[in-house]
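The chain contents come next:
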Amino acid sequence: MVPRRLRHLALLCLVCAPLLAAAMPAGAAPPPRPLCDACGESFESTAESHGVSVTVTHSNATVAVTDNGSATWVVHNRLSNSDGVARLRANESLRTAIADRAMWDTELLSANVSGDGVITLRYRETDFAEGSVGGAVRTGEFTEAYGYRNLDGLGADRLVVIAPDGMRVGRAIDGATVSDDGQRMTMTELNDGRVVTFVPRDTAFGPVLSLLAVGTLLGPVMAVKALAYITLPAAVFTLLIGAAAGGVSWLDWDFKRVRDSAGVAFAGFGALATALSLLGATGVLRLGGIAAPLFGGGTALFVCGIALSQRRVRERASYRAVVGGAVVGAGIALGATIAVAPMVVADGFTPPVSALLVLGPAFVLLPAGYAVGHGNRRLAMKTAAIGFVLSMLPVLPVLPTPFGLGVLFIPVVTASAAAVAIVGLPIFLAGVSLGSPPSDL
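The sections below set out a description of the structure shown in this document. Just so it is clear, the model here is predicted, and its values are computed rather than measured. (Residues numbered from 1 in each chain as written. Predicted model: local features only at pLDDT ≥ 70, side-chain atom pairs only at ≥ 80, totals over all residues. Heavy atoms only, no water.)

What follows deals with the overall build of the chain. Scanning the chain from terminus to terminus reveals 13 helices and 11 strands. Across the 441 residues in the chain, those meeting the buried criterion constitute 44%. Put simply, 72% of the contacts in the chain that link residues at least 6 apart link residues at least 24 apart. Accessible surface, the chain: about 21800 Å² in total, of which carbon and sulfur atoms supply 61%. (Helix = DSSP H or I, 4+ residues; strand = E, 2+ residues; numbered from the N terminus. Buried < 20%, exposed > 50% of the residue type's maximum accessible area, 1.4 Å probe, protein only. Contact = heavy atoms within 4.5 Å. Areas by Shrake-Rupley, 256 points an atom, 1.4 Å probe, with all protein chains shown as cover.)

Have a look at this one:
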């Protein structure tokens, strides 16, 4: 008969393999392209591919959205190079071919060149937006997180989005200007895209409708991210904790002897990590982006160590109390990381994914170890699995979309999970020592 552990491992592989197989075909992602393909340099390239040389000196576009989700694009490109402009004005079939090719996934309605060298292009896009909760309309055209797209800027010098009749812009692009009546959103650049919503003009629940519209749209995307980026790392993390628990049982160490000194060791390691991070901040050591997470983690370990060094705390320790302490420790670590980062990172700071991937799972090791010390290996495995998943959920929004090169990030997350489980063994063993004496779970 196949051992139960091997059956579980085989089942885990069967679950993970289809996820990876589903993500890998997306490696042939489309090339980067601007939001408005028929604007600016993108239009120049399309014309050049048809043997027409023109230069776009200015471009603007207007997108009028309807409540059924379709949209009408009107693009104005001011052209220079009289020979190219003359060819486009005189040759309707050439002009139509270029205009039709310039804008992907749309229907060309018309293409005309004025006497002053402005080419006006009109398109219809049937699936620009879609209806949502409470009559709201949402569109994911402005973000890479929705759909099979790879955006590269705005394309136009200015783009105006007009809300459907009877509606106003509910959720706009960061940096965009919304008119006083809420009907127009004007953009001059597209750096960080997002889902845009339109809500009924007279509703008092616009923000709520926008939140629901975005949540129901991005929910499936976040679910795919969770499956792609959490399933395999969580399995590796949990199996390593199981292996550590087995090693503790096999070695049969008496952790009661070190129980009273675990807090002091915690505080010492925390102080050492904090000191190393400060040396990195002063240039003595080259720690780069890990200086801030090292400071945050060291600070949290020091605080936890001081708490564990108190006899009253140790005597009242229970599984629930240790779980609560781990949550507080992870919060202190992340908060200290964010607080100190502007002082140790010269170019400003955005919480790095590496910090988020390490700090949360590291503190899961404490309650997992406590469960092992109390003789409950099954609870330890559950703690490791559930704790890892919960600690990873806040990281999902900053992880790359699991399509294209994003799938290559899966081994990175998995390796990070394995590194935390191995390097964090002292935290795990401290939890084991804390749970060794009899205590109510």
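This part takes up the state of the cysteines. A disulfide bridge is the covalent bond that connects two cysteines by way of their sulfur atoms. In total, this model carries 1 disulfide according to the counting rule given. A sulfur-sulfur distance of 2.0 Å marks the disulfide that ties Cys36 to Cys39. Taking the torsion about the S-S bond as the criterion, the Cys36 to Cys39 disulfide, at about 65°, is right-handed. (Disulfide = S-S within 2.5 Å.)

In this section: the sheet that holds strand 6 (residues 137-139). Strand order in this open sheet of 4 strands is 5-6-11-8, and the pairing throughout is antiparallel. Since the sheet does not close on itself, it has two edges, and those belong to strand 5 (130-131) and strand 8 (167-171), each with one partner. Where strand 6 and strand 11 (residues 196-200) come together, 3 bridges link them in antiparallel fashion. Directly across from Val137, in strand 11, lies its bridge partner Phe198. Sheet strands in contact with helix 5 (residues 206-251) are strand 5, strand 6, strand 8 and strand 11, and its direction is about 135° off that of strand 11. (Pairing = 2+ DSSP bridges. Axes fitted to C-alpha atoms, helices over the stretch in contact; angles between N-to-C directions.)

With that settled, consider the nonpolar core. Generally speaking, a soluble globular protein has its nonpolar side chains buried in company with each other. Formed by 48 residues in total, the largest nonpolar core has its most connected members in Trp73, Phe142 and Leu159. Excluding residues within four positions of it along the chain, Leu159 makes contact with Leu35, Ala61, Val63, Trp73, Phe142, Leu154, Met185, Thr186 and Met187. Counting 47 residues, the second-largest nonpolar core is a separate cluster that includes Ala245, Phe363, Met392 and Val395. (Core = buried A, V, L, I, M, F, W, Y, C linked by side-chain atoms within 4.5 Å.)

Moving on, we come to the packing of helix 3 (residues 82-90) against helix 4 (residues 92-102). The contact between helix 3 and helix 4 brings their axes to 5 Å, and the two run at 100°. One way to sum up the angle between helix 3 and helix 4 is to call them roughly perpendicular. Contacts between helix 3 and helix 4 involve Arg87, Leu88, Arg89 and Ala90 on the former and, on the latter, Glu92, Leu94, Arg95 and Ile98. A class-by-class count of the residues in the contact of helix 3 with helix 4 yields 4 nonpolar, no polar and 4 charged. (Parallel < 35°, antiparallel > 145°, perpendicular 65-115°, else oblique. Nonpolar A, V, L, I, M, F, W, Y, C, P; charged D, E, K, R; others polar.)

Before going further, it helps to spend a moment on the side chain of Thr383. Relative to the elements of secondary structure, Thr383 occurs in helix 11 (residues 377-392). Here Thr383 falls in the buried class, since its relative accessible area comes to 8%. A polar contact of 2.7 Å, which involves the side chain of Thr383, links it to the backbone oxygen of Leu379. Here Thr383 is in contact with Tyr319, Val364, Pro367, Ala368 and Phe388, once residues within four sequence places are set aside. (Polar contact = N/O pair within 3.5 Å; in protein donor to acceptor, adjacent residues only side chain to side chain.)

For Asp105, which is not glycine, the phi torsion reads 60° and is therefore positive. With respect to the helices and strands, the residue Asp105 is situated in the loop between helix 4 and strand 3 (107-113).

Before going further, it helps to examine the pairing of strand 10 (residues 184-187). A one-sided burial pattern is seen for strand 10, the buried positions being Met185 and Met187 and the unburied ones Arg184 and Thr186. Relative to strand 10, strand 7 (residues 158-162) runs antiparallel, the two being bridged by 4 bridges. Residue pairing in the sheet places Leu159 in a bridge with Met187 of strand 10. Summarising the sheet, strand 9 (residues 177-178) and strand 10 pair through 2 bridges and their orientation is antiparallel. Looking at strand 10, one finds that Val178 is bridged to Met185. As consecutive antiparallel partners, strand 9 and strand 10 are separated by 5 residues, and within that stretch Gly182 has a phi angle of approximately 75°, a positive value.

Function-wise, these values are silent; they only describe arrangement.
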